[in-house]
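Geometric and topological summary
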Amino acid sequence: MVFQLGSALLDACVLATLNKGDTYGYVLTQNIKSIVDISESTLYPVLRRLQKDGCLITYDQAFQGRNRRYYQITPLGNEKLSFYKSEWKGYKERLDNILNGGNTNEQI
């Protein structure tokens with residue numbers, strides 16, 4: 001992808017993915033990587049920050065003798081996701097307008 005992915009949009013992608021259900025780190029990173037070109041070393045700090053901000057919680061679950069760390073969206077994470085969706089809708093409409101030859105006087 002030629003467009004840069006900002007931290008807010010990356011947060012929104014993570015929260016939206018987790019909104020579908022809890023998942024462990026590897027599956028989460030693969031899901032995000034299928035949407036945007038991002039490395040695991042970039043994604044894990046995002047997960048830690050979202051957890052620190054109260055948007056995610058984690059829990060461990062045993063699997064074949066090892067623990068998997070699962071991520072779960074919190075009510076605060078759902079609120080933030082709703083905010084991001086609202087912001088994205090307006091941003092996308094304005095950007096689509098410009099890219100499709102509309103009025104460029106509107107602020108993005």
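Throughout what follows, the structure given in this document is the object of discussion. (Residues numbered from 1 in each chain as written. Predicted model: local features only at pLDDT ≥ 70, side-chain atom pairs only at ≥ 80, totals over all residues. Heavy atoms only, no water.)

Section: the packing of aromatic side chains
Summed over the entire model, instances satisfying the criterion amount to four aromatic pairs. Measuring from centroid to centroid gives 5.5 Å for Tyr24 and Tyr70, while their planes differ by 65°, and the two rings are edge-to-face. A residue pair is termed long-range when its members are at least 10 positions apart, and Tyr24 in strand S1 (residues 23–24) and Tyr70 in strand S3 (residues 66–73) qualify at 46 residues. By relative accessible area, Tyr70 is classed as buried at 14%. Between Phe83 and Tyr84, the ring centres sit 6.0 Å apart and the planes meet at 50°, which makes this aromatic pair tilted. Here a set of aromatic residues connected by ring pairs shows up, and it is made of Tyr24, Tyr59 and Tyr70. (Phe/Tyr/Trp six-rings, centres within 6.5 Å; stacked < 30°, edge-to-face > 60°. Helix = DSSP H or I, 4+ residues; strand = E, 2+ residues; numbered from the N terminus. Buried < 20%, exposed > 50% of the residue type's maximum accessible area, 1.4 Å probe, protein only.)

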